[in-house]
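Spelled out from the first residue to the last, the chains are:
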Amino acid sequence: HPKESKYRPVLESLLPQDPMRRIVLKRGSPEDEFPNLDLNCTVMARVLTPLIYTRQFSRATESGVIFDDIIRPGLEDPGQSTGMKSVGCLAGDAQSYILFCDFFDRIIELYQGYKVTSASVQQSDFNYDNLKGADDFDQAYVISCEVSVSRGVEDFSFPSHCSRGERRKLHSLAKTALEQLGQELPGKLYSIDELSHESEDRKVVMESPPASLMKIGVARDWPDARALWLSKDGSLAVWVNMEDHLKLVSYRSDACLQEAFKTICINLLKLETLYKKLRHPFIWKNHLGWVMSSPAEVGTGLKASITLRLLNLAENKRLDDVLDRLRLQIEATNYPGIYKVSNLQTIGIPEVALTQLVVDGVKLLIRMEKRLENNGGIDDLFPAQK
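All of these numbers come straight from a predicted model, not from anything done at the bench.

Attention now moves to the sheet that holds strand β5 (residues 246-252). Note on sheets: strands pair through backbone hydrogen bonds, and any given pair is parallel or antiparallel. Reading across from one edge, β2-β3-β4-β5-β1-β8-β10-β9 is the order of the 8 strands in this open sheet, with antiparallel pairing throughout. The strands lining the two open edges of the sheet, one partner per strand, are β2 (187-191) and β9 (328-332). When strand polarity is set aside, the average angle formed by the axes of neighbouring strands in this sheet is 20 degrees. In the sheet, strand β1 (residues 142-151) pairs with β5 via 7 bridges, with the strands oriented antiparallel. Within the sheet, the bridge partner assigned to Val 149 lies in β5 and is Leu 248.

Formed by 66 residues in total, the largest nonpolar core has its most connected members in Leu 271, Tyr 275, Ile 306 and Val 362. By residue number, the principal contributor to this core is helix α12 (residues 351-373), which donates 11 residues. Among residues more than four places away in sequence, those in contact with Tyr 275 are Val 153, Leu 173, Ala 174, Ala 177, Leu 246, His 280, Pro 281 and Phe 282. Among the nonpolar cores identified, the runner-up in size contains 34 residues, and Leu 48, Val 87, Tyr 114 and Val 116 belong to it.

Listed in full, the buried residues belonging to helix α11 (residues 319-326) are Leu 319, Val 322, Leu 323 and Leu 326. All buried residues of α11 project into a common sector of 95 degrees when viewed along the axis, lining one side. Those residues of α11 hidden inside the fold are in contact with β9 and α12.

Another aspect to go through is the domain arrangement of the protein. When the parts come together, some accessible area is lost, and that loss is often what is quoted as the size of the interface. Under the domain assignment, the protein is made up of domain 1 (12-112) and domain 2 (128-374). Here the C-alpha centre of domain 2 lies 26 Å away from the C-alpha centre of domain 1. Counting residues at the interface gives 23 residues for domain 1, matched by 25 residues for domain 2. Both sides of the domain 1 and domain 2 interface together cover about 2000 Å² of buried area, and 64% of this is carbon and sulfur. Counting the contacts that link domain 1 with domain 2 gives 0 salt bridges. Between the two partners, domain 1 and domain 2, sit 10 residue pairs in polar contact (both at pLDDT 80 or more). Breaking the side of domain 1 that touches domain 2 down by element, the ones donating at least two residues are α5 (67-76), α6 (96-99) and α7 (101-112).

For Ile 98, the location among the structural elements is in helix α6. Note: C-alpha distance between Ile 98 and Pro 159 (61 residues apart in sequence) is 18 Å.

Glancing now at the pairing of β9. Consecutive side chains along a regular strand alternate between the two faces of the sheet. Pairing between β9 and strand β10 (residues 338-343): 5 bridges, direction antiparallel. Bridging across to β10, Gln 329 finds its partner in Ser 342. Linking β9 back to β10 in an antiparallel pair, the connection comprises 5 residues, with Gly 337 at a positive phi of about 80 degrees.

In this section: the packing of α11 against α12. Interaxial distance between α11 and α12 falls to 11 Å at its minimum, and their mutual angle equals 155 degrees. Between α11 and α12, the angle falls in the class roughly antiparallel. Crossing handedness for the pair α11 and α12: right-handed. Contacts between α11 and α12 involve Leu 319, Val 322, Leu 323 and Leu 326 from the first element and Gly 361, Leu 364, Leu 365 and Met 368 from the second.

Here we take up the environment of Ala 237. In this structure, Ala 237 sits in strand β4 (residues 237-240). Taking the C-alpha atoms as reference, Ala 237 lies 33 Å from Asp 68; in sequence the two are 169 residues apart. Leave out the neighbours within four places in its chain, and Ala 237 touches Leu 228, Trp 229, Leu 230, Lys 247, Leu 248 and Val 249.

On to the state of the cysteines. The final tally for this structure, using the stated rule, is 0 disulfides. Here Cys 162 stays unpaired: no disulfide links it, and the sulfur of Cys 89, its closest cysteine neighbor, is 18 Å away. The buried category is assigned to Cys 162, whose relative accessible area is 2%.

The full count for this structure, using the stated rule, is 9 aromatic pairs. Consider the rings of Trp 284 and Trp 290, whose centres lie 4.9 Å apart with planes at 70 degrees: the pair is edge-to-face. Assessed through its relative accessible area of 28%, Trp 284 is described here as partly exposed. Ring-pair connections join several aromatic residues into one group, and the members of that group are Phe 34, Tyr 53, Phe 57, Phe 67, Tyr 97, Phe 100, Phe 103 and Phe 104. Sitting over the ring of Tyr 111, Lys 85 keeps its end group 5.0 Å from the ring centre. In this structure, Arg 318 is placed above the aromatic ring of Phe 382, and the distance from its NZ or CZ to the ring centre is 3.9 Å.

A separate point is helix α10 (residues 257-277). The end-to-end C-alpha distance of α10, which contains 21 residues, comes to 30 Å, matching closely the 30 Å that a straight helix rising 1.5 Å per residue would cover. After α10 finishes, the residue Arg 279 shows a positive phi value of roughly 65 degrees.

Definitions and cut-offs
- Note on numbering: residues in each chain are counted from 1, in written sequence order.
- Local features are withheld for residues below a pLDDT of 70 in this predicted model, meaning they are given only at 70 or higher, and side-chain atom pairs are given and counted only at 80 or more; totals for whole chains, interfaces and linings count all residues.
- The side-chain numbers reported here are obtained from all heavy atoms of the structure, hydrogens and water having been left aside.
- Pairing between strands requires that DSSP locate at least two bridges from one strand to the other.
- Under the scheme used here, helices are H or I runs from DSSP no shorter than 4 residues and strands are E runs no shorter than 2 residues, and both carry numbers assigned from the N terminus.
- Every axis in this analysis is a line fitted to C-alpha atoms, fitted for helices over the stretch in contact. Angles between the N-to-C directions lie between 0 and 180 degrees.
- By nonpolar core we mean a set of buried residues, namely Ala, Val, Leu, Ile, Met, Phe, Trp, Tyr and Cys, connected to one another through side-chain atoms within 4.5 Å.
- Burial status follows relative accessibility: with a 1.4 Å probe on protein chains alone, a residue under 20% of its type maximum counts as buried, one over 50% as exposed, and anything between as partly exposed.
- Only heavy atoms matter for contacts: two residues are in contact if any of them lie within 4.5 Å across the pair.
- Picture the helix axis, draw a direction to every C-beta atom, and the arc is the one those directions span.
- Where each domain begins and ends is defined by an automated method or by a domain database.
- Throughout, buried area stands for the accessible area (probe radius 1.4 Å) lost by two parts on being put together, summed over both.
- What counts as a salt bridge is simple: a side-chain nitrogen of Lys or Arg found within 4 Å of a carboxyl oxygen of Asp or Glu.
- In protein, a polar contact requires one atom able to donate a hydrogen and another able to accept it; more generally it is a pair of N or O atoms within 3.5 Å, and residues adjacent in sequence count only if both atoms are side-chain atoms.
- With respect to orientation, any angle under 35 degrees is reported as roughly parallel, any angle over 145 as roughly antiparallel, any angle of 65 to 115 as roughly perpendicular, and every other angle as oblique.
- Left-handed is the label given to a crossing in which the near helix is rotated counterclockwise from the far helix by less than a right angle, and right-handed is the label when the rotation is clockwise.
- The definition used for a disulfide is geometric: two cysteine sulfur atoms within 2.5 Å.
- Working definition: rings of Phe, Tyr and Trp (its six-membered ring) pair if their centres are within 6.5 Å, and the pair is stacked with planes under 30 degrees apart, edge-to-face with planes over 60 apart, and tilted otherwise.
- Only Lys NZ and Arg CZ are tested; either one counts as a charge over a ring when it is within 6 Å of the ring centre and within 35 degrees of the ring normal.
- Here the expected span of a helix is defined as 1.5 Å times the quantity of residues minus one.

In structure tokens form, the structure reads like this:
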């Protein structure tokens, strides 16, 4: 109606104002709000200074992520002085890496040893046939292997910040994509409720959210819209709405990293195509590569890990230096003498080369372990910096 367009602005002005527009955060100055980082062992605590905090203090992404949201995981879980490094921060959305780049670029450099620049371009390589020596580990030492890769989906906040509606939409997208993937690799999508008890067709059981998810704030509304897809042949698992929007995992008890990596490459590329058809591609930034919630995983989002016996080398005082030179990290398991070795860096190196670092590094660690078993020296095996 002609009068509708004429009087609409007047009528709309009489409507109650959206209460969200009136929100004013009751905060003091940056000096008043600067967190206590005493005894905080995360990388975040090593990077964060009053000056950096002040610069980021008044910024917010379009989805409402503020800087305190970014650093909260590291304040809730301050990490430990020994063992694997904890990054201590999470992006709330992809825009966080741009708006808070002054902070995140420093985190990535300190944690991953890679300096992010505007000229950086992350390369991607899923040609699994180029991976060498990943199928002939010494079975006397190597027990199992696992390859995982995470992805964030465009147009959605990350799990630490997303709404219930976003999470449910992501679940719906995953269900559609995985149904199509299942036409070539048969599988089944299980809700978290279905995982509360063991069944004949699967051995995975999850009764409550993992403590790690609760600490970093991604277990809100548990178990709403979380799920696990399992292939019938057991070669692939896909977690939905856990630490990231999607996480593909291929585990092998025969330690054949070649096959685990191949499984990930083939099915990740299929899912990438399916998500593009659904008009929600995976998040990619040229200077960062594939973007996930954790700055510890940006670039490739890939972790290749091998579980092996290292009774002697694990006690050697030079092990930390060896791992640093190989760009690997080690994690103790619940079994004495059994350790999990994986890549620390995920950015600046393509997927095949990254996995090759793990293969070559683990084989060198086994050679060192054999030397020490025979009371020999390892000085001549000491690696150059990778």
